[in-house]
Amino acid sequence: MQAIQVGLLGIGTVGSGVFHVLQRNQDEISRRAGRGIEIRMVAARNVARAQSVVGAQVQVVADARAVIAHPGIDIVVELIGGCGIAKALVLEAIAAGKHVVTANKALLAVHGTEIFAAASARGVMVAFEAAVAGGIPIIKALREGLTANRIQSIAGIVNGTTNFILSEMRDKGLDFDRVLREAQRLGYAEADPSFDIEGVDAAHKLTLMSAIAFGIPVQFDKAHVEGITRLSAIDIRYAEQLGYRIKLLGITKRVDEGVELRVHPSLVPAKRLIANVEGAMNAVVVQGDAVGTTLYYGKGAGSEPTASAVIADLVDITRLHTADPEHRVPHLAFQPHTLSDAMDALPVLPMSAVVTSYYLRLRVVDQAGVLARVTALLADAGVSIDAVLQRAADEVGGEGSTQTDLIILTHDTREGTMDAVIAQMQALPTVLAPITRIRKEALS
Ligand SMILES: NC(=O)c1ccc[n+]([C@@H]2O[C@H](COP(=O)([O-])OP(=O)(O)OC[C@H]3O[C@@H](n4cnc5c(N)ncnc54)[C@H](O)[C@@H]3O)[C@@H](O)[C@H]2O)c1
Ligand SMILES: N[C@@H](CCO)C(=O)O
Ligand code: NA
């Protein structure tokens with residue numbers, strides 16, 4: 001049987017990985033897929049450079065539309081990124097009846113509803129394993145492996161760049177900008193690295209996992225998104241002294257009133273496996289009612305790990321493209337006509353309704369009664385304290401210092417309540433700087 005014909009749109013970090021891994025493992029891949037998988041055409045902005053990667057046998061063109069329009073191409077792989085030209089090209093490929101593989105989480109988290117609907121109407125597949133946690137087969141696990149379960153929660157480290165930055169800052173005391181530059185050099189960071197460090201990329205991925213886990217449409221606009229740019233080294237150190245690590249977590253959880261969908265730095269007990277996920281590695285913890293807790297760990301970024309996921313999708317499509325579309329796995333795991341009803345039953349909750357525990361750091365005047373006033377405000381609001389740590393003044397501000405840090409860990413509290421108490425504490429004249437608040441997750 002003739003090999004299935006693939007057209008690549010974009011051949012940067014991920015695209016070149018796809019080419020090399022397909023070439024290196026072609027025998028095993030075709031024995032699994034039942035036929036060969038061949039990259040026949042590539043669209044690139046820099047044609048000469050792309051030609052030097054793929055050699056003379058593969059046709060390289062500057063116009064991505066020529067790849068989509070080529071009648072011999074069965075599958076279009078979009079590896080350009082972003083929501084601009086990539087969106088138009090994906091929709092054009094679908095309209096042309098081509099199956100699509102993409103690593104583009106930004107595109108699917110924001111425009112997934114439109115894209116999946118167009119694909120279903122045209123009877124083609126849009127596969128996106130590489131879009132979430134790179135090489136970890138988390139989409140496959142959530143969509144197929146855990147299909148018996150009522151999923152309760154997902155918590156994950158799904159951005160390699162920020163995990164790399166946090167690990168290097170904690171381990172080696174390196175500064176933020178230097179580590180970010182290294183992550184860019186290694187091909188982990190997004191074209192716009194603010195997507196990484198501001199939590200947007202993690203929220204794109206979390207949005208996709210949440211939709212698949214709970215059978216709701218993708219709703220990136222409702223995600224709470226906070227990155228690591230406001231984290232300070234001092235909080236990383238205090239957290240460590242209290243037995244915690246700080247990780248940028250994506251959390252989506254089913255609770256009585258709806259679904260939580262939030263990305264923010266979190267204190268995680270140092271003894272948890274996920275607290276020990278370092279560098280650009282990713283990890284996702286999924287809890288299902290039947291299976292219990294499961295953990296997925298691996299490389300979430302980089303050329304070949306991401307290519308591994310792209311090629312897994314190519315193999316899936318190679319096996320399934322002749323199947324009746326109704327027999328394929330739905331894009332978001334649940335039958336598409338059930339998604340909007342589920343959205344009414346499981347609305348994404350505002351952050352004020354989220355219940356979690358907190359790390360608070362207050363820079364205060366080092367004098368009698370300060371701690372008592374702060375804890376009285378917490379008590380009045382019904383916020384229960386788990387632990388309090390007060391630093392010696394000279395440790396914080398040097399010898400003779402009149403300021404110190406007060407660190408408070410709370411038990412579970414509604415975020416709306418916490419916001420109100422923080423505002424009251426902030427108004428105390430003895431509180432000298434903006435209060436730092438970091439959420440704390442037990443992840444039992
Ligand atoms: N790098 C990773 O570790 C990683 C991991 C998972 C997912 N992703 C996603 O994969 C996609 C690609 O990422 P990347 O890291 O390979 O990016 P990259 O910048 O290395 O590659 C993108 C390539 O697309 C080319 N391009 C831009 N416009 C084009 C056009 N109109 N026609 C043809 N080519 C065009 C660029 O010249 C570039 O070579 C993005 O959606 C990204 O979010 C990347
Ligand atoms: N920029 C992303 C690439 C993988 O999606 C990261 O750092 O995880
Ligand atoms: Na993946």
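Residues numbered from 1 in each chain as written. Chains lettered and ligands numbered in written order. Predicted model: local features only at pLDDT ≥ 70, side-chain atom pairs only at ≥ 80, totals over all residues.

As annotated in an unreviewed UniProt entry, the chain carries the name Homoserine dehydrogenase and comes from Verminephrobacter aporrectodeae subsp. tuberculatae. The record in UniProt for the chain states the following under Sequence similarities (unreviewed entry): "Belongs to the homoserine dehydrogenase family." (UniProt positions renumbered as here; feature names shortened; annotations may be inferred.)

What to know about the sheet that holds strand E6 (residues 126-127)
Within the open sheet, the six strands sit side by side as E3-E2-E1-E4-E5-E6. Their pairing is parallel. If you trace the sheet from one side to the other, it starts and ends with strand E3 (59-61) and E6, each paired once. Looking at chain direction, strand E5 (residues 99-102) and E6 are connected through two bridges and run parallel. Bridge pairing in E6 places Val101 opposite Ala127. (Pairing = 2+ DSSP bridges. Helix = DSSP H or I, 4+ residues; strand = E, 2+ residues; numbered from the N terminus.)

Side note on the environment of Glu144
If you trace the backbone, Glu144 turns up in helix H7 (residues 138-145). With 185 residues separating them along the chain, Glu144 and Val329 place their C-alpha atoms 7.9 Å apart.

Let's talk about the site of ligand 1
Of all residues adjacent to ligand 1, which total 26 residues, the nearest are Gly10, Gly12, Gly81, Ala103 and Ala301. Looking at the shell around ligand 1, its residues break down into 14 nonpolar, ten polar and two charged. Domain assignment of the residues forming the shell around ligand 1 places at least three in each of domain 1 (4-136 + 304-339) and domain 2 (139-301 + 343-351). (Near = placed C-beta within 6 Å. Nonpolar A, V, L, I, M, F, W, Y, C, P; charged D, E, K, R; others polar. Domains from an automatic or database assignment.)

Considerations on the site of ligand 2
Close to ligand 2 lie Gly134, Asn159, Gly160, Thr161, Tyr188, Ala189, Glu190, Asp196, Asp201, Gly300 and Ala301. In the shell around ligand 2, the residues fall into three nonpolar, five polar and three charged.

A few points about the packing of helix H2 (residues 26-33) against helix H13 (residues 303-320)
Helix packing for two helices is described by the angle between their axes and how far apart those axes are. It is the contact of H2 with H13, at a shortest axis distance of 9 Å, that shows an interaxial angle of 35 degrees. Judged by the twist between their axes, the crossing of H2 over H13 is right-handed. Contacts from Ile29, Arg32 and Ala33 of H2 reach H13 at Ile311, Val315, Thr318 and Arg319. The class makeup of the residues in the contact of H2 with H13 is four nonpolar, one polar and two charged. (Axes fitted to C-alpha atoms, helices over the stretch in contact; angles between N-to-C directions. Left-handed = near helix turned anticlockwise from the far one by under 90°. Contact = placed C-beta atoms within 7 Å.)

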